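Report on the structure
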Amino acid sequence: MIVLKFGGTSVKDQEAIERLGEIVRAAAPNAVVVVSALAGVTDRLLAVANAAGAGNADDALVILEELRERHYAVADVVKNPILNRHVVEAIALEYDALVETVNALVTLRETSPRWTDAIAAAGELISSRIVAAALSSRGIDAEWVDARSAVVTDNDFTCATPDMAATAEATRALCEPLLAAGRVPVLGGFVGATPDGMTTTLGRGGSDFSGALIGASLGADEIQIWTDVDGMLTADPRIIPDAQVVPYLSFAEASELAHFGAKVLHPATILPAVAKNIPVRILNSKKPSAIGTLITGERSTGAPASGVTAIASKSGITVLNITSTRMVMAHGFLRRLFEVFEINKTAVDVVTTSEASVSVTVDDRRRLPMIIDALSEFAEVSSEDDMAIVCAVGDALPSNAAAAGEILGALNDVPLRMVSQAASRRNVTIVLRSEDLHRALARLHERFVTAGSTVL
Ligand code: ADP
Ligand code: ASP
Ligand code: MG
């Protein structure tokens, strides 16, 4: 059995859903389909939640009507008149509920993460209903499954953590009888619910994670991530247009790349796949016959000669410089420091230390003011915004003493803020100013991918 997850661009309009239909037909009946919201819809729903919370009813309702019309238009892909009527009714009910929620929030003049999730989840709940009906209408026996009954999470709204065991049990109970009857379950990604039934979401880009969770729950043979690029590329194609497909990756490489900015894969996707040793394949829904990227426990072929498999990057990073108010770093200082991040549930990506100070990078800025306040109780803190991370990844890097030197050498005149390489890690990570990201990435890509250095 295969889980096929389709991202926003792969369900964005009628044509995309027709392509999806052909891809699912080739895999059915032993298939489970997980879909994102139509491209751009989640952004718009979040704008609705913000406008409603600000008391701006008109803006919120105008966006809702625009989205309602878009979904009705896309639902015309469902040609069977009875199925079409059912899906249009379901869309109408979702939007009526959204209008009610907006009116309540406008009156309260506030929105909370909980209400934001209730609104944002509608994107996947509706797209999955449309896709289920579109498949059935094309003669593929599909059934919509409410992801809120399958994916069980904690109540950390907007970035909830799934309970793997409860999710496995619920997903199996819902999907196995359908699969046994030769039917294709269709679920919305990104969405879950707490054990007491409150709607949650798994964080932006979380549909990949849903696909992997559902695949692991059902013991899938493969988890396929269908998207708008040919696979994991050697660098972000929006910055490096001639980035190439990486045909094979290990789980460890894919995790590092996703964590350090390769948006094609949500960073948590690999965890459930590793737990059950399920291969993950990234494929292009516009070019279904292209080979894509296969991600497995052990890479299926040798590492590239340069030692660098791919280079991830992300910008919009903040660097915090935290200096002990004593002359040297007292013992216990690091524990106190990291406790602040733990209490504020904020991940730190890169860390460097010197005699009396520590620098860390933070991607998620939501709790930054609280973090700086808490750190200031025992340290001096300064922050630098508009920073970026470049991360060269390769399974062969840890065994290659020259790699870090070559990577830094290639960046000779680019000012670097932090550099990190651990003996056993598969990456060399560099923090620099966002304005230098393009040339740094271009330089590394040219040297290690296009020209293929002989570091090894
Ligand atoms: P989906 O909606 O299918 O989930 P996303 O937009 O989340 O798609 O992810 C695909 C996008 O990720 C690509 O269009 C590309 O711009 C971006 N991306 C960034 N880094 C990489 C990379 N290393 N390889 C492939 N795509 C990448
Ligand atoms: N629709 C959600 C988002 O835009 C989840 C996803 O597409 O993976 O973040
Ligand atoms: Mg995505």
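Everything below is about the structure shown above.
The present account deals with the structure reproduced in this document. (Residues numbered from 1 in each chain as written. Chains lettered and ligands numbered in written order. Predicted model: local features only at pLDDT ≥ 70, side-chain atom pairs only at ≥ 80, totals over all residues. Heavy atoms only, no water.)

1. Examining the environment of D141
Here D141 shows up in the loop between α6 (122-137) and β3 (142-145). Residue classification places D141 among the partly exposed positions, given a relative accessible area of 38%. As for D141 and N80, which are separated by 61 residues in sequence, their C-alpha atoms are 13 Å apart. If we ignore the near neighbours within four places in the chain, the residues touching D141 are G182, R183 and V184. Within the structure, D141 has its side chain in polar contact with the side chain of R183 (distance 3.0 Å). (Helix = DSSP H or I, 4+ residues; strand = E, 2+ residues; numbered from the N terminus. Buried < 20%, exposed > 50% of the residue type's maximum accessible area, 1.4 Å probe, protein only. Contact = heavy atoms within 4.5 Å. Polar contact = N/O pair within 3.5 Å; in protein donor to acceptor, adjacent residues only side chain to side chain.)

2. Comments concerning a nonpolar patch on the surface
Judged by side-chain polarity, L334, F338 and V351 come together as a nonpolar surface patch covering roughly 210 Å² of accessible area. Mapping F338 onto the fold places it in helix α11 (residues 333-343). (Patch = residues over 30% accessible without salt bridge, like charges linked within 9 Å, V, L, I, M, F, W, Y side chains within 5 Å. Areas by Shrake-Rupley, 256 points an atom, 1.4 Å probe, with all protein chains shown as cover. Salt bridge = Lys/Arg side-chain N within 4 Å of Asp/Glu carboxyl O.)

3. Considerations on helix α12 (residues 368-376)
Because an α-helix completes one turn every 3.6 residues, residues spaced three or four positions apart along the sequence face the same direction. Of the residues making up α12, those classed as buried are L368, I371 and L375. Angularly, the buried residues of α12 cover 60 degrees about the axis, an arc narrow enough to put them on a single face. On its buried side, α12 packs onto β11 (310-324), α11, β13 (357-362) and β14 (379-393). (Arc of directions from axis to C-beta.)

4. So, the nonpolar core
Residues F6, V33, I130, V131 and L135 are the most contacted members of the largest nonpolar core, which totals 49 residues. For this core, the element with the highest residue contribution is α6, accounting for 8 residues. (Core = buried A, V, L, I, M, F, W, Y, C linked by side-chain atoms within 4.5 Å.)

5. Points about the site of ligand 1
The environment of ligand 1 is formed by 16 residues, the closest being G8, T227, D228, L233 and K263. In this structure, an oxygen atom belonging to ligand 1 sits 2.8 Å away from a side-chain N or O atom of K263. Within the backbone of V264, an N or O atom sits 3.4 Å from an oxygen atom of ligand 1. Contact with the protein chains hides 88% of the accessible area of ligand 1, taken as 570 Å² for the molecule alone. Here the shell around ligand 1 is built from residues that sort into 7 nonpolar, 4 polar and 5 charged. (Near = heavy atom within 4 Å. Nonpolar A, V, L, I, M, F, W, Y, C, P; charged D, E, K, R; others polar.)

6. Quick word on the packing of helix α13 (residues 403-410) against helix α14 (residues 437-450)
Angle between the axes and distance between the axes: these two values describe a pair of packed helices. Where α13 meets α14, the axes come as close as 9 Å, and the angle between the chain directions of the two elements is 130 degrees. Regarding the angle of α13 to α14, the classification is oblique. Crossing hand, α13 versus α14: right-handed. On the side of α13, the interface is formed by E406, I407 and A410, while α14 contributes R443, L444, R447 and F448. Tallied by class, residues from the contact of α13 with α14 come to 4 nonpolar, no polar and 3 charged. (Axes fitted to C-alpha atoms, helices over the stretch in contact; angles between N-to-C directions. Parallel < 35°, antiparallel > 145°, perpendicular 65-115°, else oblique. Left-handed = near helix turned anticlockwise from the far one by under 90°.)

7. Observations regarding the pattern of salt bridges
Counting across every chain of the model gives 28 salt bridges. In this structure, the salt-bridge partner of R439 is D413, at a minimum N-O distance of 3.6 Å. Taken together, the positions of R439 in helix α14 and D413 in the loop between α13 and β15 (416-420) put the pair 26 residues apart, joining distant regions of the chain. A relative accessible area of 33% means that R439 is categorised as partly exposed. In this structure, a network of salt bridges that share partners links the residues D413, R433, E435, D436, R439 and R443.

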